[in-house]
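Report on the structure
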Amino acid sequence: MSPTLEHEYLIELVRNRPSLVTTLLAEVGVAVPAFDRARLGTADFTNCRPTEYRADSVVLLDREDKPVRAVVLEVQRQYDKRKTWSWPVYLSTLRAIEECPVVLLVFCQDDKTAEDCAKPIDMGHPDWVLRPIVAGPRHIPRVTDIKQACDDAELTALSTIMYGDPETPEGIEVLRTFFEAAALRPEGRPSYAQLVFALLPKFDLAQFGKEIGMNVTIEDAMVHPFVRELVEYGEAKGRAKGEARAVLMILDRREIPVPLAARQRILACADQETLETWIGRALTATSVDELFD
């Protein structure tokens, strides 16, 4: 799993729907004022030289075209004591720029990191203590309602990344909801299937399809948005290249070894019909040799 992707996936979800931060704040018991819209703000606080200060994301909550609250979002995969010096800079600088109250929201991947990041930061001035607001895995709701999943693609993706486990009944229900919502979502709206696949590297699409009764033959698989996203992976130049990458991604997610010669053969193939056949075989193959039989 890519460390960069582990750090970036929540930032990507917030980039697409900034109001997601208010959902996370509500889950940890923090109220926000009424607002008309949520928008991204600048996360660059490099006015404070010579040190560069840059937050992961900033969301501004506007009412009547004026910010009423600013949220600094930080994603922490592990505790970093240096953040106790930079986080106050983010808040004070943003407060001065936007002239509104600010809040620090730290999202952590595990409970131990969340506990460490929640430690109060003594600013030195009497009674001035910064207490980071921390959201951990337990604050992410399990989305299993299909209507909610269709209406809130970002929260559903986050729920699936946190709880999608094909080896438990609860995890299967989360995965089922995610895929059913992806199939129902209107054309043009993101399903985040590519993101979920990348962050659930041991997920076996073929096995999961059998468990929930989903047809994963090549004829039916291509109608599902999550398979189409694999085909379009990497903004491929031409459909053939995208389908070749899809074959490799499916094999990789199913942990099937692909020798260099086989990888080169797949990427070199420009025949769309052959590649579609390979996609279908990749969903159920137990070795790369079965693609070419």
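Up top is the structure.
What comes next concerns the included structure. Throughout, a residue's number is its position along its own chain's written sequence, starting from 1. Local features in this predicted model are restricted to residues whose pLDDT is 70 or higher, and side-chain atom pairs enter the listing and the counts only when it is 80 or higher, whereas totals over whole chains, interfaces and linings include all residues. Computation of side-chain values: all heavy atoms of the structure, hydrogens and water removed.

1. A word on the overall build of the chain
When helices and strands are tallied, the chain shows 15 helices and seven strands. A total of 293 residues make up the chain; the buried ones form 48% of that total. Considering only contacts in the chain between residues 6 or more positions apart, those separated by 24 or more positions represent 61%. About 15000 Å² of surface is accessible on the chain, with carbon and sulfur atoms providing 48% of the total. Only runs of H or I of at least four residues qualify as helices and only runs of E of at least two qualify as strands under DSSP, and these elements are numbered from the N terminus. We call a residue buried when its accessible area falls under 20% of the maximum for its residue type, exposed when it is over 50%, and partly exposed in between, using a 1.4 Å probe and counting protein chains only. In this description, contact between two residues means that some pair of their heavy atoms is separated by no more than 4.5 Å. Where accessible areas are quoted, they stem from the Shrake-Rupley method and a 1.4 Å probe; at the residue level, only the protein chains shown are allowed to cover.

2. Some thoughts on the environment of Leu 105
Summarising the element assignment, Leu 105 is placed in strand S4 (residues 102-108). Overall, Leu 105 belongs to the buried group, its relative accessible area being 0%. Residues Leu 105 and Glu 74 lie 31 residues apart in sequence; the distance between their C-alpha atoms is 6.3 Å. Apart from residues lying up to four places away in sequence, Leu 105 is in contact with Val 21, Leu 24, Leu 25, Val 71, Val 72, Leu 73, Glu 74, Ile 133 and Ala 135.

3. A few points about the nonpolar core
The biggest cluster of nonpolar side chains holds 41 residues, and the ones touching the most others in it are Tyr 9, Leu 10, Leu 105, Phe 107 and Leu 158. Here this core takes six residues from helix H6 (residues 153-163), the largest share from any one element. The term nonpolar core refers to a set of buried residues drawn from Ala, Val, Leu, Ile, Met, Phe, Trp, Tyr and Cys, joined through side-chain atoms within 4.5 Å. Formed by 21 residues, the second largest nonpolar core is a distinct cluster that contains Tyr 53, Val 89, Leu 91 and Cys 117.

4. Notes on the side chain of His 139
Within the element layout of this structure, His 139 appears in the loop between strand S7 (133-135) and helix H5 (146-151). A distance of 2.9 Å separates the side chain of His 139 from the backbone nitrogen of Gly 136, its partner in a polar contact. Those residues in contact with His 139, other than ones at most four positions away along the chain, are Glu 27, Val 28 and Val 134. In protein, a polar contact means a hydrogen-donor-capable atom and an acceptor-capable atom, both N or O and within 3.5 Å, with residues adjacent in sequence counting only if both atoms are side-chain atoms; elsewhere, any N or O pair within 3.5 Å suffices.

5. So, the pattern of salt bridges
Note on definitions: salt bridges are taken to be side-chain nitrogens of Lys or Arg within 4 Å of carboxyl oxygens of Asp or Glu. Enumeration over the complete set of coordinates arrives at eleven salt bridges. The residue Arg 37 makes a salt bridge to Asp 62 at a minimum N-O spacing of 3.1 Å. With Arg 37 in strand S1 (residues 37-40) and Asp 62 in strand S2 (residues 57-63), this pair connects stretches of sequence that are 25 residues apart. Taking relative accessible area as the criterion, Arg 37 reaches 42% and is therefore assigned partly exposed. Judged by its relative accessible area of 1%, Asp 62 is buried. Note that Asp 80 and Arg 82 form a salt bridge whose closest N and O atoms lie 3.0 Å from each other.

6. Focus: the packing of aromatic side chains
Pairing of aromatic rings covers Phe, Tyr and Trp, the last counted by its six-membered ring, and requires centre-to-centre distances within 6.5 Å; plane angles under 30 degrees mean stacked, over 60 mean edge-to-face, and any other angle means tilted. Considering all chains together, one arrives at two aromatic pairs under this definition. Note on Phe 178 and Phe 179: the rings are 5.2 Å apart at their centroids and 75 degrees apart in plane angle, and the pair reads as edge-to-face. With respect to class, Phe 178 is no different from Phe 179; both count as buried. Plain terms: the ring middles of Trp 278 and Phe 292 are 5.1 Å apart, the flat faces sit at 80 degrees to each other, and that makes the pair edge-to-face. Here Trp 278 is found in helix H14 (residues 272-282), whereas its partner Phe 292 is found in helix H15 (residues 289-292), with 14 residues between them in sequence. Taking the ring centre of Tyr 163 as reference, the NZ or CZ of Arg 142 above it sits at 4.0 Å. The criterion is that NZ of a Lys, or CZ of an Arg, lies within 6 Å of the ring centre and within 35 degrees of the ring normal, and then a charge sits over that ring.

7. Let's talk about the sheet that holds S4
Whether two strands pair depends on DSSP finding at least two bridges between them. Read from one edge to the other, the open sheet built from five strands follows the order S1-S2-S3-S4-S7, with strand pairing classed as mixed. Looking along the sheet, the strands with just one partner apiece sit at the ends: S1 and S7. Neighbouring strand axes in the sheet, compared pairwise and without regard to direction, differ in orientation by 25 degrees on average. Of the pairings in the sheet, the one linking S2 to strand S3 (residues 66-76) comprises seven bridges and is antiparallel in character. Across the sheet, Asp 62 pairs through a bridge with Pro 67, a residue of S3. Angles run from 0 to 180 degrees between N-to-C directions of axes, and those axes are lines fitted to C-alpha atoms, restricted for helices to the stretch in contact.

8. Some points on the environment of Leu 195
In this structure, Leu 195 sits in helix H8 (residues 193-199). Take Leu 195: its relative accessible area is 12%, and that puts it in the buried class. It is 8.6 Å that separates the C-alpha atoms of Leu 195 and Ile 161, two residues lying 34 residues apart in sequence.

9. Considering unusual backbone geometry
Positive phi is not limited to glycine here, since Asp 65 has a value of about 65 degrees. With respect to the helices and strands, Asp 65 occurs in the loop between S2 and S3. Residue Asp 65 is classed as exposed on the basis of its relative accessible area of 65%. Even without being a glycine, Glu 99 presents a positive backbone phi close to 55 degrees. By the secondary structure assignment, Glu 99 is in the loop between helix H3 (83-98) and S4. A residue is classified by how much of its surface remains accessible, and Glu 99, at 70% relative accessible area, is exposed.

These values are about where atoms sit, not about what they do.
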